[in-house]
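Working through the structure, step by step
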Amino acid sequence: MASSANHFFLLFVLSFLFTSTLALALARISPLTTTTTILDVSSSLKQAQHILSFDPQSLNAFAQAETQPLFFNSSAFSVPLHSRGSIHKTHHINYTSLVLSRLQRDSARVDSLNTKLLLTLNGIKKSDLKPLHTEIQPEELSTPIISGTSQGSGEYFSRVGVGKPSKQYYMVLDTGSDINWIQCEPCTDCYQQTDPIFNPSGSSTYSPVACSSTQCSSLEASACRNGKCLYQVSYGDGSFTVGEFVTETVSFGNSGSINGVALGCGHDNEGLFVGAAGLLGLGGGPLSLTSQIKATSFSYCLVDRDSSGSSTLDFNSGVAAGSVVAPLMRSRKVNTFYYVGLAGFSVGGRPVKIPPGLFDMNESGEGGVIVDCGTAITRLQTQAYTALRDAFVELTRDLPSASGVALFDTCYDLSTRTSVRVPTVSFHFGDGKSTLDLPAKNYLIPVDSSGTFCFAFAPTSSSLSIIGNVQQQGTRVSFDLANSRVGFSSNKC
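Residues numbered from 1 in each chain as written. Predicted model: local features only at pLDDT ≥ 70, side-chain atom pairs only at ≥ 80, totals over all residues. Heavy atoms only, no water.

Here's the deal with the state of the cysteines
All chains considered together, the criterion is met by 5 disulfides. The side chain of C184 participates in a disulfide bridge whose partner is C265; the two sulfur atoms lie 2.0 Å from each other. Taking the sign of the S-S torsion, -125 degrees for the link of C184 and C265, the bridge is left-handed. Note that C184 is positioned in the loop between β5 (181-183) and β6 (207-208) and C265 in strand β10 (residues 257-270), a separation of 81 residues in sequence. Residue class for C184 comes out buried when judged on its relative accessible area of 0%. Two residues share a disulfide in this structure: C216 and C229, whose sulfurs sit 2.2 Å from each other. The chirality of the disulfide connecting C216 with C229 is right-handed, given an S-S dihedral of about 85 degrees. Here C229 lies in strand β8 (residues 228-234) and C216 lies in helix α5 (residues 214-217), a separation of 13 residues in the sequence. When its relative accessible area of 4% is taken as the criterion, C216 is described as buried. (Disulfide = S-S within 2.5 Å. Helix = DSSP H or I, 4+ residues; strand = E, 2+ residues; numbered from the N terminus. Buried < 20%, exposed > 50% of the residue type's maximum accessible area, 1.4 Å probe, protein only.)

Right under this line is the structure:
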């Protein structure tokens, strides 16, 4: 009996030692198995300094946009896509001021998207809303161009032609809007824009839309005067555009043109729309550019907003080979937004724990995740954001922390580093097996010129989450409308 007892005791001791040794070994190995990526601190700071001094005229951006080779065939065509910094010189004296300005506009943009959703879900039409007079002070005219839905970032433009003969205009791109519009003479009240204001009398293809037309009845807010359809698009901050709804020829560089595109010819345009001639709505509604030209797909690649480079906006070119593919979903309540099936995310290769179905859209149209080129910073439901942030903080304890900035609560002092290795942040789509690894510069961004970087996500109390353009930079995002999928392809700009 004594021998048997000693035998069992020995087995117990050996088992305990093995388990303890294994646990200790795993604890030591674990940090080495964390998936990481390198943030080039020096490059990010150089780019931040560059955008403050960059003069777009040095590249003759206007001429480049009109002569850049494009392609156009029976189905696919492409137009140049520019960041705002490549065509408009900033008036901010330091990078912190520029960042704070962007973040302020971005918060207003997100508020407006949530308002649009809330109004629709509650059955309130925009025609029930009355525009408020907004007085623009001279210094406000220097703020970057906004997107069509309230004070959006409006950081990305395409150069397109309007009318026949065609005249070129810089137009803001917006996946969160449907109505295309352009400022028109004569102006009752027009804001400052870079190009000359469009004059309908100089175009042979300008044609007012009849009040009885399907196009007119598709507007959220319309009226009729002398048999001609009038439109109004108003925004939560009091900004609005009002004028005639017409059809016109829209051309794409030297590639070709499309006749009969419905757009607003705005004679009274007030608010913070400074700079752009108008807006191209790329949303999913019936009056968007994508719907009107019956595009089977469209894609864009957003260069860094601090870059002077350019990329393209492509139509009918499909999803690039090797793309990370996610399901594209549509709401029965709001047809403008492009919802994507986000299952969750991981940090350093480790799944972040969130409740199953947290990002699902319910039958009432609440919840879900949209991909939006007009929103800058990705917004996540507070519970999801907190889990993501805490997971990132846990794996970056070796980095010196810094005070929060604006909507960012997690920042780091990297002033003494030229580069730093950080845990990889990844999105998981669909069933969770489709994974998009983000470059470090898409989630750690500079907020000043001295080396303060912040974790570029933010919480929202809304049920709607938004994947913003900072997280999309350097990635070709393809909306395969015909097959209900979204493709993300890195380095396809």
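Brief notes about the sheet that holds strand β25 (residues 444-446)
In space, the 4 strands of this open sheet follow the order β20-β21-β26-β25, with antiparallel pairing throughout. Since the sheet does not close on itself, it has two edges, and those belong to β20 (401-402) and β25, each with one partner. Here β20 runs beside strand β21 (residues 411-413); their pairing, made up of 2 bridges, is antiparallel. When the sheet's bridge partners are listed, A402 is paired in β21 with C411. Relative to strand β26 (residues 452-455), helix α7 (residues 382-394) is tilted by about 135 degrees, and along the sheet it contacts β21, β25 and β26. (Pairing = 2+ DSSP bridges. Contact = heavy atoms within 4.5 Å. Axes fitted to C-alpha atoms, helices over the stretch in contact; angles between N-to-C directions.)

Digging into α7
For α7, built from 13 residues, the straight-helix expectation of 18 Å at 1.5 Å per residue is met to within 8% by its first-to-last C-alpha distance of 18 Å. Where α7 is concerned, the buried positions are A384, Y385, A387, L388 and F392. Viewed along the axis of α7, the buried residues span an arc of 165 degrees, placing them on a single side of the element. (Expected span 1.5 Å × (residues − 1). Arc of directions from axis to C-beta.)

Examining the side chain of S434
Tracing the backbone shows S434 in strand β24 (residues 434-437). S434 gets classed as buried once you look at its relative accessible area, which sits at 17%. Separated by 2.7 Å, the side chain of S434 and the backbone oxygen of V325 make a polar contact. Sequence-distant contacts of S434, defined by excluding residues within four places in its chain, comprise V324, V325, F427, H428 and F429. (Polar contact = N/O pair within 3.5 Å; in protein donor to acceptor, adjacent residues only side chain to side chain.)

Some details on the sheet that holds strand β17 (residues 350-351)
As summarised here, the arrangement of the 4 strands in space is β17-β16-β23-β24, forming an open sheet in which the pairing is antiparallel. Across the chains shown, the open sheet's two edge strands, defined by having one partner strand only, are β17 and β24. Pairing between strand β16 (residues 342-347) and strand β23 (residues 425-429): 5 bridges, direction antiparallel. Each bridged residue has a counterpart across the sheet, and for V347 the counterpart in β23 is V425. Contacts between α7 and the sheet are confined to β16 and β23, with β16 contributing the most and set at about 20 degrees to the helix.

Notes on helix α4 (residues 95-121)
The end-to-end C-alpha distance of α4, which contains 27 residues, comes to 39 Å, matching closely the 39 Å that a straight helix rising 1.5 Å per residue would cover. Capping the start of α4 is the job of one residue whose side-chain oxygen sits 3.2 Å from the backbone nitrogen of T96: N94. Of the residues trailing α4, G123 is marked for its positive phi of about 70 degrees.

Observations concerning the side chain of Q193
For Q193, the position within the fold is in the loop between β5 and β6. Owing to a relative accessible area of 12%, Q193 belongs among the buried residues under this scheme.

Notes on the packing of aromatic side chains
Taken as a whole, this structure holds 17 aromatic pairs when the rule is applied. On the numbers, 6.1 Å between centres and 50 degrees between planes, the contact of Y231 with F245 is tilted. Taken as a pair, Y231 in strand β8 and F245 in strand β9 (residues 240-251) lie far apart in primary sequence, 14 residues in all. Relative accessible area serves as the criterion here: at 1%, F245 is assigned to the buried category. An aromatic cluster of at least three residues, connected via ring pairs, comprises F392, Y412, F427, F429, Y443, F455, F457 and F488. (Phe/Tyr/Trp six-rings, centres within 6.5 Å; stacked < 30°, edge-to-face > 60°.)

As for the environment of D437
With respect to the helices and strands, D437 occurs in strand β24. When its relative accessible area of 45% is taken as the criterion, D437 is described as partly exposed. Residues D437 and S426, 11 residues apart in the sequence, show an inter-C-alpha distance of 4.3 Å. Excluding anything up to four places from it in sequence, D437 contacts T424, V425 and S426. In terms of polar contacts, D437 uses its side chain to reach the side chain of S426, at 2.5 Å.

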